[in-house]
Amino acid sequence: MYRLLKTLKFKADDVIIHVGEEPDIKEFRSYSKTLCNKSDYFKKRLSDENIEKEDGYYVIKIPNINSQIFEIIIKNLNGTDDLNRKTGVEILNIIITSDDLKLYQLAKQAEEFFIKNRQCQLLRNDPVGILKLVLHHKILSKIQEFCLETICSEPEILFNSDDFIDLPAPILEIILRRNDLKLIEIKIWENLIKWGKAQEAQEKTLDEDNQEKLKRFTPLIRFYDISSEDYFNKVKPIIPKELQEEILKFHMIPEYKPTLVNFLPRRIYSFNSALINQNHFALFANWIDRKHKYCNFVLLYRASRDGKTATAFHNKCDNKGATIVVVKIKNSEQIAGGYNPFSWESSGKNKSTKNSFIFSFKDKNNFQSANVANSKGDQYSVRCRSHCGPYFGYRDLYVNHNENDKNPDIWNSWYERSYPTLNLPNTFVVDDYEVFQVIKK
């Protein structure tokens with residue numbers, strides 16, 4: 001093969017490429033040297049001893065490629081065109097075709113252009129068309145996650161699009177499964193109904209057949225995060241009777257714990273943790289206040305990053321409102337922590353509340369191992385000490401930098417006085433801990 005390549009006399013415009021099938025074949029001309037340098041696909045084709053020749057030109061036929069996309073590619077290779085003014089779908093097809101032709105440099109260039117140069121504008125122009133492409137081609141996996149994250153961050157891009165009703169059901173399901181979709185649940189429900197009506201071309205109400213078709217989506221709706229008023233007016237007339245009764249109990253009985261399998265954690269919008277993932281935050285949001293639509297979690301402090309001292313903790317966390325603390329216990333998958341509905345201070349005050357809690361996971365990867373202990377409401381629910389980091393209860397869970405000045409990674413759980421027991425060791429060493437500001441919406 002390489003011996004044959006050496007015999008090729010590279011010259012300008014020495015390759016004819018026929019792209020497409022009858023009657024839509026289009027002819028392109030290029031340079032064998034350029035093609036061989038940039039593509040293993042063309043290098044192999046041009047090295048074939050049986051390659052077709054015509055009037056001194058090498059002839060290559062590629063029937064299974066779109067001629068319009070190939071024209072953009074060949075112009076780019078020849079240095080006569082770039083990616084500006086191309087639509088999002090065109091750029092994605094350039095990536096797909098470039099990968100097929102082993103033009104890896106161009107594929108990478110187009111991928112970076114899509115993500116960086118135009119940000120979400122390309123997605124905004126044609127969200128449905130782009131989602132259809134990116135979710136069906138492995139080569140677009142990086143762009144796929146970019147698109148899903150962008151849509152979850154700015155859901156109006158998709159849900160306000162005139163083409164939303166044409167979104168394929170599998171793609172809609174992928175989006176509704178995500179916990180980071182920044183749209184209140186009643187709006188998600190309303191859009192789902194709009195989509196369902198469009199599928200069946202109905203104008204007013206969904207009949208029983210359509211209810212059956214929506215069943216694949218109802219387990220993905222966080223019905224418990226929809227207000228009582230919206231539930232009775234917009235949800236109850238449509239959902240199955242057994243689910244109606246379950247949600248009614250949830251709204252009418254304060255201590256009722258839902259039992260249906262579709263009691264999903266609420267959607268949460270932001271986090272930046274080195275210790276836990278999005279699903280932990282979704283669970284925290286339900287523990288904090290299940291009546292709110294959603295919560296934001298903003299990282300204020302990470303001990304390994306900001307300093308393992310009381311001063312560093314208070315500089316980052318004081319007077320920031322409600323926070324949740326997450327502690328990773330050394331040489332294990334165990335985590336612990338607590339929720340403070342007040343602000344941290346250096347005032348020396350003790351604060352009473354029944355709204356704080358402490359928690360532990362024996363295995364952070366196993367949510368069944370979670371244990372949460374709500375405050376008994378005594379005067380030591382939360383303690384603010386200038387020489388300490390987070391301090392819950394009389395001495396239920398805390399880090400005291402005066403006591404452990406030689407090892408700031410030592411935490412304590414000496415008494416089970418202000419909270420029910422979590423069965424934590426009296427003292428334990430931690431790898432790291434983080435504090436997040438909790439913003440309720």
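Quantities reported herein were computed from a predicted structural model and do not represent experimental measurements.

This part is about the overall build of the protein. From N to C terminus, the protein includes 18 helices and 15 strands. Classification of the 441 residues of the protein by burial places 50% in the buried group. For the protein, the share of sequence-separated contacts (at least 6 apart) that also reach a separation of at least 24 residues comes to 63%. Of the roughly 22,100 Å² that the protein leaves accessible, carbon and sulfur atoms contribute 45%.

This part takes up the pairing of strand S5 (residues 295–302). Buried residues dominate S5, accounting for seven of its eight residues. Examined bridge by bridge, S5 and strand S15 (residues 427–440) share seven bridges and lie antiparallel to one another. Paired with Arg302 across the strands is Glu434, a residue of S15.

This next bit is on empty space enclosed by the protein. Per the counting criterion, the structure on display carries one cavity of 30 Å³ or more. The calculated volume of the largest cavity comes to roughly 60 Å³. What lines the largest cavity is Ile358, Asp396, Ser413, Tyr415, Glu416, Tyr419, Pro420, Thr421, Leu422, Asn423 and Leu424.

Read across the open sheet, the four strands follow the order S2-S1-S4-S3; overall the sheet is mixed. The two strands at the open ends of the sheet, each matched to only one other strand, are strand S2 (26–30) and strand S3 (52–54). The average angle at which neighbouring strand axes cross in this sheet is 35°, direction not considered. Along the sheet, helix H3 (residues 40–47) contacts strand S1 (15–19) and strand S4 (57–62); its crossing angle with S4, the most-contacted strand, is approximately 125°. Against the sheet, helix H4 (residues 67–77) makes contact with S1, S2 and S4, and its axis sits at roughly 15° relative to S2, the strand it touches most.

Moving on, we get to the pairing of S15. For strand S6 (residues 323–329) and S15, the ladder comprises seven bridges, and the chain directions are antiparallel. Residue Ile324 lies in a different strand from S15, and its bridge partner there is Phe436. With three bridges joining them, strand S14 (residues 410–412) and S15 adopt antiparallel strand pairing. Bridge pairing links Ile410 to Val429 in S15.

We now examine the packing of helix H11 (residues 169–177) against helix H12 (residues 185–200). Relative to each other, H11 and H12 sit at 175°, their axes nearing to 13 Å. Comparing their axes, H12 and H11 come out roughly antiparallel. Across from Ala169, Leu172 and Leu176 in H11, the residues of H12 making contact are Ile188, Leu192 and Trp195. Along the lines of polarity and charge, the residues of the contact of H11 with H12 split into six nonpolar, no polar and no charged.

Moving on, we get to the environment of Trp189. Relative to the helices and strands, Trp189 is located in helix H12. Measuring from C-alpha to C-alpha, the distance between Trp189 and Lys234 comes to 8.6 Å, with 45 residues separating the pair along the chain. A distance of 2.9 Å separates the side chain of Trp189 from the backbone oxygen of Lys234, its partner in a polar contact.

Taken over all residues, the pLDDT of the protein has a mean of 85, while the share at 70 or more is 88%. Here helix H1 (residues 2–7) is the element of the protein with the lowest mean pLDDT, 45, and strand S11 (residues 382–383) is the one with the highest, 98. Within the model, the stretch residues 1–10 combines pLDDT values under 50 with 16 contacts to residues more than four positions away or in other chains. In this model residues 202–208 is a low-confidence stretch, pLDDT under 50, and it forms 11 contacts with partners more than four residues away in sequence or in other chains.

About the criteria used
Residues numbered from 1 in each chain as written. Predicted model: local features only at pLDDT ≥ 70, side-chain atom pairs only at ≥ 80, totals over all residues. Heavy atoms only, no water. Helix = DSSP H or I, 4+ residues; strand = E, 2+ residues; numbered from the N terminus. Buried < 20%, exposed > 50% of the residue type's maximum accessible area, 1.4 Å probe, protein only. Contact = heavy atoms within 4.5 Å. Areas by Shrake-Rupley, 256 points an atom, 1.4 Å probe, with all protein chains shown as cover. Pairing = 2+ DSSP bridges. 1 Å grid on protein atoms, 1.4 Å probe; cavity = no way out; pocket = protein on both sides within 12 Å on 5 of 7 lines; lining within 4 Å. Points joined across faces, edges and corners; volume = space filled by probe spheres on them. Axes fitted to C-alpha atoms, helices over the stretch in contact; angles between N-to-C directions. Parallel < 35°, antiparallel > 145°, perpendicular 65-115°, else oblique. Nonpolar A, V, L, I, M, F, W, Y, C, P; charged D, E, K, R; others polar. Polar contact = N/O pair within 3.5 Å; in protein donor to acceptor, adjacent residues only side chain to side chain. pLDDT = per-residue confidence, 0-100.

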